[in-house]
Amino acid sequence: MAPIPVPSNASSFLTATRCRRSLALPMTRLLVLLPVLFLLAACATPPPAPSAGPILRTMTEPDGTARTTALGPFHESATYPDGTSLSAPLRPLWAEATRPNPRDYRHDWAFLWPIASGRTLGHDRTWRFLVFFGDNRDVTAGTNAAHHTLLLPFWFSGQTRSGETYRALFPLGGTICDLLVKDRIEFVLFPIWARSSINDVTTTDWLWPFISRTTTPDGHIDKFRVFPFYSRNTTRGHFEKTTIAWPFWSHSRFDYKNSHGTSWVLFPFYGRTRLSDQSGWMVLPPLIQHGVATNGDFRTFAPWPFYIHKKHGALETFHLWPLYGRRTEGPLDRQYWLWPILTHEQNAYSTTRYRRWTLAPFFSVATYTRSPDKIARKQRLATTPAALDAAATNAPETLVRRRLKLWPLFTHQTQREPILATRFVFPDLWPGPTPAVVERSWAPLWTLLDYRAALPADAPADAEPNTSLSLLWGLYRQSDAPASPATPREYELFPFWRHLRPADDSSRHWSVLKGLLAYDRTASERRLRLLWIPFTLSPPETATPAANPEVDAAP
């Protein structure tokens, strides 16, 4: 085989190749070391509040919250002024919050919410994993506590407060206690046979829902059903209701203390109600109905569900669906226009009045205001919105909290209790009010801009609030604390520029590329950093001993 010819410039070619390799290796090492150098420079002294932008940052928010973030939005820990702590070591995999107050202890956790979550409130603990649910009514009681475990819809087990244990495998058989409104449920090969109880009322079903019987030990309740052919429902001293070939024929006889008479319906043609305190009729039931009572209550459907107007005690409802509707009950007032697009709600709780407007799904604003106790008592006694407004006409209301959301663009929140604070986030992808579990697990991932302002509780009323702005998870951040003069004003565009300067100008710090070029000034010294190497420009000042007149006057 003939030898491979070697070019005349082979020596220079090999030398150039070795040079390129020797240059490539240092450049690769430099690219790997640069982020490490930035991180080490960020944690170096003397600059206060070490910062590595979205990589690692420790800060104090304007409301006093101590917060540490890392890896952008994926890691966070915080301690709030009320003692509540937040831990999200790797969002959204895990996030938890703890309120350690012994009188009001609370612990919430979530794993890839909504896959799994749990809560401990006082001594009660609940948890969920997909359709696997559990609860413990007293975590301090150990195995003696009432607890329940459900794997819907197949497995049910647990222990009641009285110590009775139960198990059930649906649909084969077993016993279930304290499920929904039922005290006890027993079944075998459901729906072949089942028995349930609420207090002293027991219901037995065969081939549910076709054959059923409900009784009480004293016989004051007696129900029997062979669906849909015949049913009878009797409550002694109240009523007796009968259906034949439901829903075609039904008849009821009422025997209340202040109301007695009969009612019947021949579906789908006509129905009639004649009682001592009310009367009514139906045409093509349930589409067209009208009824009135001697106490002023009434009901009109013309036809249902498009036109509804009814009143029962303090509750009054009017619907011209879907154009307009209103429901009022004491201080509660709910309205809609072009349901469900535009809605309004207001209510009063003790001394607080709540109002909310919603233009679904894009816009909502909710406001909480506080009024004096005397006015609040009048509000609670008011039975109509007009009486509520009249009671509060002269009430000096103060803003407690307001939340404005333009979905999916932003949310703006303002509060005055316990401190004056405001927050603006962009964007906010969760429609409607953001639940706390979403705020902990998901919201920081999509929040690109976060602005906060707060006035500390001990600050003068006319002081300017402390503010902070975070953009792109801390890539750019600025903060100002005029209410706390000792806290420096800060501007940072990671990793290019950082500047700190307190309001009283007692010190100053700025740096380029986390210390490639930096300058630090305090009351006692000045330092320059070049290529991350510090140089002292002026030594610390030393105090000069005070003159002693007696010594100076000695010969």
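Conventions adopted
Residues numbered from 1 in each chain as written. Predicted model: local features only at pLDDT ≥ 70, side-chain atom pairs only at ≥ 80, totals over all residues. Heavy atoms only, no water. Helix = DSSP H or I, 4+ residues; strand = E, 2+ residues; numbered from the N terminus. Buried < 20%, exposed > 50% of the residue type's maximum accessible area, 1.4 Å probe, protein only. Contact = heavy atoms within 4.5 Å. Areas by Shrake-Rupley, 256 points an atom, 1.4 Å probe, with all protein chains shown as cover. Pairing = 2+ DSSP bridges. Core = buried A, V, L, I, M, F, W, Y, C linked by side-chain atoms within 4.5 Å. Phe/Tyr/Trp six-rings, centres within 6.5 Å; stacked < 30°, edge-to-face > 60°. Lys NZ or Arg CZ within 6 Å of the ring centre and 35° of its normal. Salt bridge = Lys/Arg side-chain N within 4 Å of Asp/Glu carboxyl O. pLDDT = per-residue confidence, 0-100. Polar contact = N/O pair within 3.5 Å; in protein donor to acceptor, adjacent residues only side chain to side chain.

A. Region of interest: the overall build of the protein chain. Of the regular secondary structure elements, the protein chain holds six helices and 45 strands. Across the 555 residues that make up the protein chain, the buried fraction comes to 33%. Long-range pairs, those at least 24 residues apart, make up 17% of the contacts in the protein chain between residues at least 6 apart in sequence. Summed over its atoms, the accessible surface of the protein chain is roughly 33300 Å², and 66% of this surface lies on carbon and sulfur atoms.

B. Structural context of the pairing of strand β21 (residues 249-255). Across six bridges, strand β20 (residues 239-244) lies against β21 in antiparallel orientation. Among the inter-strand pairings, phenylalanine 239 is bridged to a residue of β21, identified as phenylalanine 254. Taking the residues between adjacent antiparallel strands as the criterion, β20 and β21 are bridged by four residues, where alanine 245 takes a positive phi near 55°. Sheet analysis places β21 next to strand β22 (residues 260-266), joined by seven bridges and oriented antiparallel.

C. Layout of the nonpolar core. Among the nonpolar cores identified, the biggest contains nine residues, and these are Leu150, Phe156, Tyr166, Ala168, Ile176, Cys177, Ile185, Phe187 and Ala194. Listed by contribution, the elements that provide at least two residues to this core are β12 (165-169), β13 (173-179) and β14 (182-188). With residues near it in sequence (within four places) discarded, cysteine 177 still touches His148, Thr160, Glu164, Tyr166, Asp183 and Arg184. The next biggest cluster of nonpolar side chains, apart from the first, holds six residues, and it includes Ala110, Val438, Ala443 and Trp446.

D. Quick peek at the packing of aromatic side chains. Counted according to the given criterion, the structure contains 23 aromatic pairs. Geometrically, the ring pair formed by phenylalanine 318 and tyrosine 324 is tilted, given 6.3 Å between the ring centres and 45° between the ring planes. For tyrosine 324, a relative accessible area of 22% corresponds to the partly exposed category. Grouping aromatic residues by their ring pairs yields a cluster made of Tyr307, Phe318, Tyr324, Trp337 and Trp357. A cation over an aromatic ring shows up here: lysine 241 above the ring of phenylalanine 239, its NZ or CZ 4.6 Å from the ring centre.

E. Region of interest: the pattern of salt bridges. Using the criterion set out here, one finds 32 salt bridges in the structure. Across the pair glutamate 186 and arginine 184 runs a salt bridge, and its minimum N-O distance is 3.9 Å. According to the relative accessible area criterion, arginine 184 is partly exposed, its value standing at 25%. Here aspartate 520 and arginine 529 are joined by a salt bridge, their closest N and O atoms 3.9 Å apart.

F. Summary view of unusual backbone geometry. At the junction of phenylalanine 190 and proline 191, the peptide bond is cis and its omega measures out at 15° in the coordinates. Mapped onto the secondary structure, proline 191 falls in the loop between β14 and β15 (193-198). Here the bond from proline 285 into proline 286 is cis, since omega is 5°, no more than 30 degrees from zero. Along the chain, proline 286 falls in the loop between β24 (278-283) and β25 (288-293). If you check the backbone angles, asparagine 199 has positive phi at about 55° while not being a glycine. Turning to its location among the elements, asparagine 199 is positioned in the loop between β15 and β16 (201-206). What makes asparagine 199 exposed here is its relative accessible area of 69%. Phi at alanine 245 takes a positive value of approximately 55°, unusual for a residue other than glycine. Mapped onto the elements, alanine 245 comes out in the loop between β20 and β21.

G. Structural view of the environment of arginine 167. Tracing the sequence through the fold places arginine 167 in strand β12. Arginine 167 gets classed as exposed once you look at its relative accessible area, which sits at 56%. Counting along the chain gives 19 residues from arginine 167 to histidine 148, while the straight-line C-alpha distance between them is 9.8 Å.

H. A look at the confidence of the model for the protein chain. Here the protein chain averages 84 in pLDDT, while 82% of its residues score no lower than 70. Here residues 1-28 scores under 50 on pLDDT; set against residues more than four positions off or in separate chains, the count is zero contacts. Note that pLDDT drops below 50 for residues 542-555; the model gives that stretch one contact with residues more than four away or on any other chain.

I. Inspection of the side chain of threonine 300 at higher detail. Structurally, threonine 300 is set in strand β26 (residues 298-301). Reaching out from threonine 300, the side chain makes a polar contact with the side chain of histidine 290 at a distance of 2.9 Å.

J. Representation of the side chain of threonine 235. As for its placement among the helices and strands, threonine 235 is situated in strand β19 (residues 230-235). Excluding residues within four positions of it along the chain, threonine 235 makes contact with His220 and Ile221.

K. Quick look at the environment of alanine 110. Tracing the chain through its elements places alanine 110 in strand β6 (residues 106-111). Alanine 110 gets classed as buried once you look at its relative accessible area, which sits at 2%. The spacing of alanine 110 and alanine 88 is 22 residues in sequence and 9.6 Å in space, taken between C-alpha atoms. Not counting residues up to four positions away in its chain, the partners in contact with alanine 110 are Leu93, Trp94, Ala95, Ala116, Ser117, Val437 and Ser441.

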